[in-house]
Amino acid sequence: MSLPLADFILYPFAVINHNYLSWISKVQVNHPAVLRRAQQVQARRTVKKEWQAAWLLKAVTFIDLTTLSGDDTSSNVQRLCYKAKYPIREDLLKALNMHDKDITTAAVCVYPARVCDAVRALKAAGCNIPVASVATGFPAGQTHLKTRLEEIRLAVEDGATEIDVVINRSLVLTGQWEALYDEIRQFRKACGEAHLKTILATGELGSLTNVYKASMIAMMAGSDFIKTSTGKETVNATFPVAIVMLRAIRDFFWKTGNKIGFKPAGGIRSAKDALAWLSLIKEELGDEWLKPELFRIGASTLLSDIERQIYHHVTGRYAAYHDLPMS
Amino acid sequence: MAAATRTAPRAREIFTTLEYGPAPESHACALAWLDTQDRHLGHYVNGKWLKPERRNSVPCQDPITGENLASCLQAQAEDVAAAVEAARTALENWSTLPGARRAQHLTRLAKMIQKHQRLLWTLESLVTGRAVREVRDRDVPLAQQLLQYHAVQAHTQEEALAGWEPMGVIGLIVPPTFSFLEMMWRICPALAVGCTVVVLVPPASPAPLLLAQLAGELGSFPGILNMISGPTSLGPVLASQPGVQKVAFCGAVEEGRTLRRTLAGQGLELSLALGAESLLLLTEAADVDSAVEGVVDATWSDRSQGGLRLLIQESVWDETMTRLQARMGRLRVGRGLDGAVDMGARGAAARDLAQRYVHEAQSQGAQVFQAGDVPSDSPFYPPTLISDLPPASPCAQTEVPWPLVVASPFRTAKEALAVANGTPRGGSASVWSERLGQALELGYRLRMGIVWINAHGLRDPAVPTGGCKESGSSWHGGPDGLYEYLRPSGTPARQPSLSENLNYDTFGLAVPSTLPAGPETGPSSAPPYGLFVGGRFQAPGARSSRPIQDSHGNLHGYVAEGGAKDIRGAVEAAHQAAPGWVGQSPGARAALLGALAAALERRESALAARLERHGVELSVRRLRAWGARAQAQGHTLQVAELRGPVLRLREPLGVLAIVCPDEWPLLAFVSLLAPALAHGNTVVLVPSGTCPIPALEVCQDVATLLPAGLVNVVTGDRDHLTRCLALHQDVQALWYFGSVQGSQFVEWASAGNLKPVWVNRGLPRAWDQDAEGAGPELGLRAAQTKALWLPMGD
């Protein structure tokens with residue numbers, strides 16, 4: 001496509017080349033075709049043996065280890081942080097000759113009120129795993145813009161270096177793309193140095209075409225990552241949605257040269273799922289996206305299943321519940 | 001506990017590169033099965049292995065390693081005869097069973113396949129080199145669905161297909177590069193309706209033999225499915241066996257043509273499914289990324305046998321090519337039995353074919369792009385994209401082989417249609433457009449057997465699959481697939497009517513001179529003189545006429561002596577009238593047929609003077625009946641795994657040539673004309689030779705009532721006119737009711753454009769009986785099916 005390159009991140013929406021807006025309005029995503037692709041992509045690649053073990057360990061380094069519950073307290077956040085630092089039993093890593101690779105999860109993800117706990121715990125564990133905080137009225141986003149922005153600033157002040165914001169779904173459903181762009185731009189500013197991950201809550205956007213458009217707007221407004229869902233909607237990270245978002249990321253890269261990251265979240269529980277996600281990224285975007293700077297998996301129970309699979313790979317036995325430390 | 005030492009030396013490295021590793025699928029069970037046959041495969045006939053002595057055998061090799069897996073016996077004529085004999089014996093019992101019993105048997109076979117599916121898919125993938133994923137996830141489930149669907153059809157047969165009976169023993173010939181699924185598409189309907197089958201499988205293809213063994217091990221009805229392994233050249237031997245009523249062939253176009261010529265006059269039905277090229281039409285309103293996946297589905301996922309012609313709208317050409325090339329880079333080629341490859345290998349022949357095509361295209365100025373993760377050793381061929389191939393180059397006309405995609409641009413939808421319809425191929429196509437109106441316009445107007453909207457390569461047992469033009473007009477799946485193996489009850493079985501000494505070069509070539517033949521004694525009102533072409537009576541090009549005598553030898557009058565030029569003119573006129581007639585609603589067509597019936601009624605007294613009254617009355621009724629029947633055409637199919645409908649359209653054949661029988665000069669003429677017109681065809685007719693005048697009289701009404709060129713009637717020497725019509729490349733179908741020799745010639749000559757033909761082989765037909773004169777068979781033959789897939793979702 002011959003649209004001019006523009007560094008729109010620095011400009012308000014009105015200044016953005018109108019080519020982009022007219023182009024976004026023309027985009028059509030064919031739902032049944034994407035569903036078929038989603039089915040295929042899971043069946044066409046598989047990794048076995050050492051490849052599987054290595055891929056699983058890599059998957060660990062993509063995990064945003066998450067706890068987002070009403071009953072979170074400092075003790076379970078602390079336990080989570082230790083698990084983030086030591087995600088796989090040391091002897092298993094040794095057996096794979098991977099003990100010196102410093103395998104940790106990519107980040108720890110908590111509610112804003114728990115950011116301090118997480119930062120403290122990670123400091124105590126002696127590591128520099130970043131702390132991510134959800135913000136902007138998570139998960140519904142139905143609060144005043146002013147408080148949503150304030151939430152971001154406070155989380156950053158507390159030491160969160162990654163902010164997972166939710167977008168205002170009503171702006172998407174009513175087609176107010178400029179307003180959506182302006183809001184995310186304000187989130188971006190409020191984040192300052194912190195990374196901005198924009199949660200599209202795709203289960204509530206109505207159509208895949210809207211998912212594509214919202215992804216584009218979020219990237220244009222300066223998100224470092226786009227993220228599928230909060231984990232609190234009825235429909236979470238699904239392959240069809242991911243395919244559309246990944247295609248948007250690729251299109252954005254082809255047009256601007258900027259690589260934007262992708263984070264599926266919600267519903268990814270098994271090691272098998274994790275492998276499918278990795279191969280999806282590899283197929284749709286390529287190897288250069290397979291690093292924690294550009295790919296994260298938001299999950300809480302996934303890690304223990306991966307550890308169980310690694311255990312099986314190393315020992316040839318299936319682990320009992322008590323064989324692996326809880327998180 | 002301490003971790004034991006099942007260490008992974010490479011894990012560190014893979015952790016950094018994140019590459020794919022080998023994901024081999026064990027083929028131990030396939031080898032074990034081959035061992036049960038001592039690595040020596042024969043034929044499977046009458047529920048037993050047949051391993052005759054003193055036969056040649058060919059090795060069955062792993063296409064990737066070249067390792068010898070087994071040796072396969074090559075059949076000789078006796079073996080074929082034995083198989084046909086088994087099928088004939090089994091037929092007696094099988095065809096008379098209640099449908100419910102056959103349904104039960106097919107269901108049992110489906111369960112048998114389910115129980116041994118791993119063996120089936122590993123064997124198929126091992127031997128053919130196709131990606132195991134495709135065989136396992138698509139072919140094997142589809143094979144079971146086919147059996148289940150056709151079991152249901154067998155169950156309702158007595159009710160739904162009353163008036164039809166199974167043809168008998170069916171000979172099936174399949175090409176070397178095929179999957180066992182292609183065979184299943186054909187044997188399921190044949191078995192369901194009560195036929196028995198002899199399959200000539202290419203040498204060294206064990207999967208069909210395994211299937212036959214599974215069917216045989218069900219115990220009951222052993223002889224219904226027999227497999228003979230041998231070269232395609234045995235096809236005519238199979239066809240010539242007494243008892244074989246129909247031969248179904250799928251394979252290359254030229255082989256099909258040859259077979260058509262060889263089997264002319266042998267008295268059996270031949271259905272052809274030829275060529276494997278597909279077409280993908282990508283408009284600017286498409287979801288381009290999804291369309292690119294469509295291209296992958298069509299050629300680079302081991303699903304289809306052939307290549308793809310890709311038409312891209314100019315405005316999205318660059319974007320599409322970029323995406324396509326990026327996508328190609330991620331394709332993986334490798335051993336078929338690896339769980340993570342997109343494409344396997346297809347053996348040396350397929351690879352050489354692709355290579356030759358690419359070299360030739362390059363030498364004609366085309367750009368060739370190849371990509372993908374392809375092992376460097378020999379049996380593999382990379383996914384290939386060819387562009388800038390000059391449309392006039394010889395390469396652009398030939399069929400695109402696997403795994404090639406030939407891309408060319410178009411400017412408008414109209415141009416795309418002209419390009420797509422401008423090839424002799426009429427198999428399958430997909431249209432990619434998010435604009436509903438445009439997609440439907442293209443879908444309806446593509447001359448193809450199957451059209452998918454925003455998808456490619458979907459199949460379902462309930463949806464008829466077939467083609468038109470040189471792709472052959474045979475169908476499998478859905479109701480159309482059943483009729484392929486049925487004939488109207490009471491149709492006489494095959495009679496050998498071959499005249500060896502029929503000279504195809506001279507048949508009907510010379511027209512005997514016509515001379516004055518004494519005084520005319522016809523009725524005072526002389527019928528119009530001339531050929532009825534383009535809506536009016538015209539003098540024949542030859543400027544001569546032929547005398548018509550009545551049964552007592554009295555000269556009745558003269559009719560024009562038509563020739564090759566008149567046929568040409570008539571076909572042209574019919575083509576010009578076609579778009580207008582196709583565009584008419586069935587209701588409007590029925591109204592015009594009704595008007596013609598009324599006019600015929602007014603003429604009744606004049607006509608009845610020469611014919612029996614009964615014939616006029618019946619003719620009037622036929623015109624009205626077909627007008628009414630044409631209203632109910634086509635329907636919507638529901639498909640299990642698809643959201644959205646599939647439309648089964650009944651489309652006109654185009655220009656239909658009809659050579660009417662000598663008997664029943666008016667009734668047969670009208671009985672053939674009415675269904676043809678009702679289904680939207682335009683026609684060129686040759687009326688009764690002995691009594692052409694009633695047909696010409698009807699034309700006087702046609703001239704005033706129907707659009708010009710819709711009906712054209714050419715009188716003259718029947719053999720000569722038949723020759724002209726049968727050899728005419730732009731006649732889309734031909735019905736012939738005449739002599740044995742004429743029938744044989746028509747069958748032989750139809751190989752030119754592979755037009756569907758219907759011949760009577762010299763047998764009379766009871767035109768005054770509704771079953772033969774106005775039965776559903778005429779309606780079936782008067783139109784062709786198209787399946788239009790419309791997936792939905794938002």
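Residues numbered from 1 in each chain as written. Chains lettered and ligands numbered in written order. Predicted model: local features only at pLDDT ≥ 70, side-chain atom pairs only at ≥ 80, totals over all residues. Heavy atoms only, no water.

Engineer: Sorry if this is basic, but what is going on with the overall build of chain B here?
Structural biologist: Looking only at helices and strands, chain B features 28 helices and 33 strands. Its C-alpha radius of gyration of 28 Å places chain B within 12% of the 28 Å reference for a compact globule of 794 residues. If you line up chain B on its principal axes, its C-alpha atoms span 115 × 60 × 45 Å. Buried positions account for 61% of the 794 residues belonging to chain B. Relative to all contacts within chain B whose residues are 6 or more apart in sequence, the contacts with residues 24 or more apart total 75%. Carbon and sulfur atoms make up 53% of the accessible area of chain B, which amounts to about 28600 Å² in all. The positive charge centre, built from 68 side chains, and the negative charge centre, built from 75, are 1 Å apart in chain B. (Helix = DSSP H or I, 4+ residues; strand = E, 2+ residues; numbered from the N terminus. Rg over C-alpha atoms; globule rule 2.2 N^0.38 Å. Buried < 20%, exposed > 50% of the residue type's maximum accessible area, 1.4 Å probe, protein only. Contact = heavy atoms within 4.5 Å. Areas by Shrake-Rupley, 256 points an atom, 1.4 Å probe, with all protein chains shown as cover. Lys, Arg positive; Asp, Glu negative; His and termini not counted. Charge placed at Lys NZ, Arg CZ, Asp CG, Glu CD.)

Engineer: Where do I start with the pattern of salt bridges in this structure?
Structural biologist: Pairs can form between side chains of opposite charge whenever their charged atoms are close. What the rule picks out here adds up to 70 salt bridges over all chains. Between Glu124 of chain B and Arg130 of chain B there is a salt bridge whose closest N-O contact spans 3.7 Å. With respect to class, Glu124 of chain B is no different from Arg130 of chain B; both count as buried. The residue Glu747 of chain B makes a salt bridge to Arg761 of chain B at a minimum N-O spacing of 3.0 Å. You can see Glu747 of chain B sitting in helix α26 (residues 740-749) and its partner Arg761 of chain B sitting in the loop between β32 (757-759) and α27 (770-773), a full 14 residues away along the chain. The residues Glu747 of chain B and Arg761 of chain B share a single accessibility class, namely buried. Here the salt bridges do not stand alone but share partners, grouping Arg37, Arg247, Arg250, Asp251 and Glu284 of chain A together with Asp289, Glu293, Glu319, Arg323 and Arg327 of chain B into one network. (Salt bridge = Lys/Arg side-chain N within 4 Å of Asp/Glu carboxyl O.)

Engineer: Just checking my understanding: could you explain the packing of helix α3 (residues 49-60) of chain A against helix α12 (residues 271-284) of chain A for this structure?
Structural biologist: Packed helix pairs are specified by the crossing angle of their axes together with the interaxial distance, meaning the distance between the axes. Residues and elements named next belong to chain A. Two numbers describe how α3 lies on α12: the axes approach to 10 Å, and their chain directions differ by 85°. Viewed along their axes, α3 and α12 adopt a mutual orientation that is roughly perpendicular. On the side of α3, the interface is formed by Gln52, Trp55, Leu56 and Ala59, while α12 contributes Ala271, Ala274, Leu275, Leu278, Ser279 and Lys282. Grouping the amino acids of the contact of α3 with α12 by side-chain chemistry returns seven nonpolar, two polar and one charged. (Axes fitted to C-alpha atoms, helices over the stretch in contact; angles between N-to-C directions. Parallel < 35°, antiparallel > 145°, perpendicular 65-115°, else oblique. Nonpolar A, V, L, I, M, F, W, Y, C, P; charged D, E, K, R; others polar.)

Engineer: Help me out: how do you make sense of the sheet that holds strand β6 (residues 225-227) of chain A in this one?
Structural biologist: Adjacent strands of a sheet pair through backbone hydrogen bonds, lying either parallel or antiparallel. Residues and elements named next belong to chain A. Spatial ordering of the open sheet is given by β7-β6-β5-β4-β3-β2-β1-β8, a layout of eight strands whose pairing is parallel. Unpaired on one side and paired on the other, β7 (261-263) and β8 (297-299) mark the two borders of the sheet. The sheet shows a mean angle of 25° between the axes of neighbouring strands, taken without regard to direction. Note that β6 and β7 share three bridges and pair parallel. Paired with Phe225 across the strands is Gly261, a residue of β7. Of the strands in this sheet, β2 (107-110) and β3 (131-135) touch helix α6 (residues 115-124), which is tilted by about 175° from β3. Sitting on the sheet, helix α7 (residues 145-158) touches β3 and β4 (162-166), and the angle it makes with β4 is about 160°. (Pairing = 2+ DSSP bridges.)

Engineer: What exactly am I supposed to notice about the pairing of strand β5 (residues 195-199) of chain A here?
Structural biologist: A regular strand carries its side chains on alternate faces of the sheet. All names here are of chain A. Counting buried positions along β5 gives four out of five residues, so the element sits mostly inside the fold. In this sheet, β6 lies alongside β5 in parallel orientation, the contact comprising three bridges. By the bridge assignment, Thr198 is partnered in β6 with Ile226. At this point the chain moves from β5, through helix α10 (residues 208-220), to the parallel β6, and the crossover so formed is right-handed. (Right-handed = clockwise from strand over helix to strand, strands pointing away.)

Engineer: What's the story with the interface of chain B and chain A in this structure? I'm lost.
Structural biologist: Frequently, the measure chosen for interface size is the accessible area removed from exposure when the parts meet. Listed per partner, the contact involves 53 residues of chain B and 55 residues of chain A. In total, chain B and chain A occlude about 4700 Å² of area from one another, counting both sides; carbon and sulfur atoms represent 53% of this. Inspection of the chain B/chain A interface yields six salt bridges. Note that Asp289 of chain B and Arg250 of chain A form a salt bridge whose closest N and O atoms lie 2.7 Å from each other. Connecting chain B to chain A are 20 residue pairs in polar contact (both at pLDDT 80 or more). For the side of chain B that touches chain A, the elements supplying multiple residues, two or more each, are α1 (11-17), α6 (132-155), α12 (288-299) and α13 (317-328) of chain B. For the side of chain B that touches chain A, the element with the highest residue contribution is α1 of chain B, accounting for six residues. (Buried area = accessible area lost by both parts, 1.4 Å probe. Polar contact = N/O pair within 3.5 Å; in protein donor to acceptor, adjacent residues only side chain to side chain.)

Engineer: I would appreciate a short explanation of the UniProt feature "active site" (unreviewed entry) in chain A in the present structure.
Structural biologist: Residues and elements named next belong to chain A. When the UniProt feature table is mapped to this numbering, "active site" (unreviewed entry) covers Lys227 and Lys263. With the annotated positions falling across 37 residues, the maximum pairwise C-alpha distance of 4.4 Å places them together in a single cluster. As for its placement among the helices and strands, Lys227 is situated in strand β6. On the basis of relative accessible area, Lys227 is assigned to the buried category, the value being 2%. With residues up to four places along the chain from it excluded, the contact list for Lys227 reads Asp164, Thr198, Ile199, Leu200, Ala201, Met245, Lys263 and Ala265. Following the sequence through the fold, Lys263 ends up in strand β7. Setting aside anything within four residues of it in sequence, one finds Lys263 in contact with Asp64, Cys109, Asp164, Lys197, Phe225, Ile226, Lys227, Thr228, Arg296, Ile297 and Gly298. In this structure the side chain of Lys263 is engaged in a polar contact, spanning 2.8 Å, whose partner is the side chain of Asp64. (UniProt positions renumbered as here; feature names shortened; annotations may be inferred.)

Engineer: Would you explain the environment of Val740 of chain B in this entry?
Structural biologist: Residue and element names in this part refer to chain B. Here Val740 lies in helix α26. Overall, Val740 belongs to the partly exposed group, its relative accessible area being 28%. Between the C-alpha atoms of Val740 and Leu486, which are 254 residues apart in sequence, the distance is 23 Å.

Engineer: When you look at α6 of chain B in this model, what are you seeing that I'm missing?
Structural biologist: Three- or four-residue spacings in an α-helix give side chains the same orientation, since the helix completes a turn every 3.6 residues. Residues and elements named next belong to chain B. End to end, α6 covers 33 Å across 24 residues, agreeing with the expected 34 Å (1.5 Å per residue, within 8%). Of all the bends in α6, the greatest reaches close to 30° and is centred on Asp139; the proline Pro141 follows between one and four positions later. In terms of burial, α6 is largely enclosed, as 18 of its 24 residues are buried. (Expected span 1.5 Å × (residues − 1). Bend = angle between axes of the 7 residues up to and from the residue.)

Engineer: Is there a simple way to explain the sheet that holds strand β26 (residues 635-638) of chain B in this structure?
Structural biologist: All names here are of chain B. An order of β14-β15-β16-β13-β12-β17-β18-β33-β27-β26 is seen for the 10 strands of this open sheet, with the pairing classed as mixed. Both edges of this open sheet fall to β14 (367-370) and β26, since each of them pairs with a single strand only. Strand after strand, the sheet turns through a mean of 20° between neighbouring axes, direction not considered. Against the sheet, α12 touches β12 (278-282), β13 (308-313), β16 (404-410) and β17 (428-432), its axis set at about 175° to β12.

Engineer: Explain the confidence of the model for chain A to me, please; I cannot follow it from the model alone.
Structural biologist: Detailed reading of the predicted coordinates is not advisable wherever pLDDT falls low. Of all residues in chain A, 94% attain a pLDDT of 70 or more, and the chain-wide mean is 91. In the predicted structure, residues 1-10 of chain A sits below a pLDDT of 50 and forms 26 contacts with residues beyond four places in sequence or in another chain. (pLDDT = per-residue confidence, 0-100.)

Engineer: I tried to follow the pairing of β3 of chain A on my own but got confused; where do I start?
Structural biologist: Residue and element names in this part refer to chain A. Along β3, five of the five residues are buried, which leaves the element largely enclosed by surrounding structure. Side chains of β3 alternate between two faces, with Val131, Ser133 and Ala135 and Ala132 and Val134 buried alike. Taken together, the three bridges between β2 and β3 define a ladder with parallel strand orientation. Directly across from Val110, in β3, lies its bridge partner Ser133. Note on the crossover from β2 through α6 to β3: the handedness is right-handed. Looking at chain direction, β3 and β4 are connected through four bridges and run parallel. Residue pairing across strands places Ala132 opposite Glu162, the latter belonging to β4.

Engineer: Help me understand the packing of aromatic side chains in this model?
Structural biologist: Residue and element names in this part refer to chain B. Within this structure, the stated rule accounts for 19 aromatic pairs over all chains. With 6.2 Å between their ring centres and 50° between their planes, Trp33 and Trp49 make a pair best called tilted. A residue pair is termed long-range when its members are at least 10 positions apart, and Trp33 in helix α2 (residues 28-36) and Trp49 in strand β3 (residues 48-50) qualify at 16 residues. Overall, Trp49 belongs to the partly exposed group, its relative accessible area being 22%. On the basis of an interplanar angle of 25° and a centroid distance of 4.8 Å, the ring pair of Phe507 and Phe745 is categorised as stacked. Of this pair, Phe507 sits in the loop between β21 (486-488) and β22 (531-533) while Phe745 sits in helix α26, and the two are 238 residues apart along the sequence. (Phe/Tyr/Trp six-rings, centres within 6.5 Å; stacked < 30°, edge-to-face > 60°.)

Engineer: Before we go on, may I ask you to explain a positive patch on the surface in this structure?
Structural biologist: A surface patch of like charges, here positive, comprises Arg101, Arg108, Lys111 and Lys115 of chain B. By the secondary structure assignment, Lys115 of chain B is in helix α4 (residues 99-115). (Patch = residues over 30% accessible without salt bridge, like charges linked within 9 Å, V, L, I, M, F, W, Y side chains within 5 Å.)

Engineer: Is there a simple way to explain helix α8 (residues 180-193) of chain B in this structure?
Structural biologist: Residue and element names in this part refer to chain B. For α8, built from 14 residues, the straight-helix expectation of 20 Å at 1.5 Å per residue is met to within 8% by its first-to-last C-alpha distance of 21 Å. Most of α8 sits inside the fold, with 14 of its 14 residues counted as buried. With its phi angle positive at about 110°, Gly194 sits one or two positions after the end of α8.

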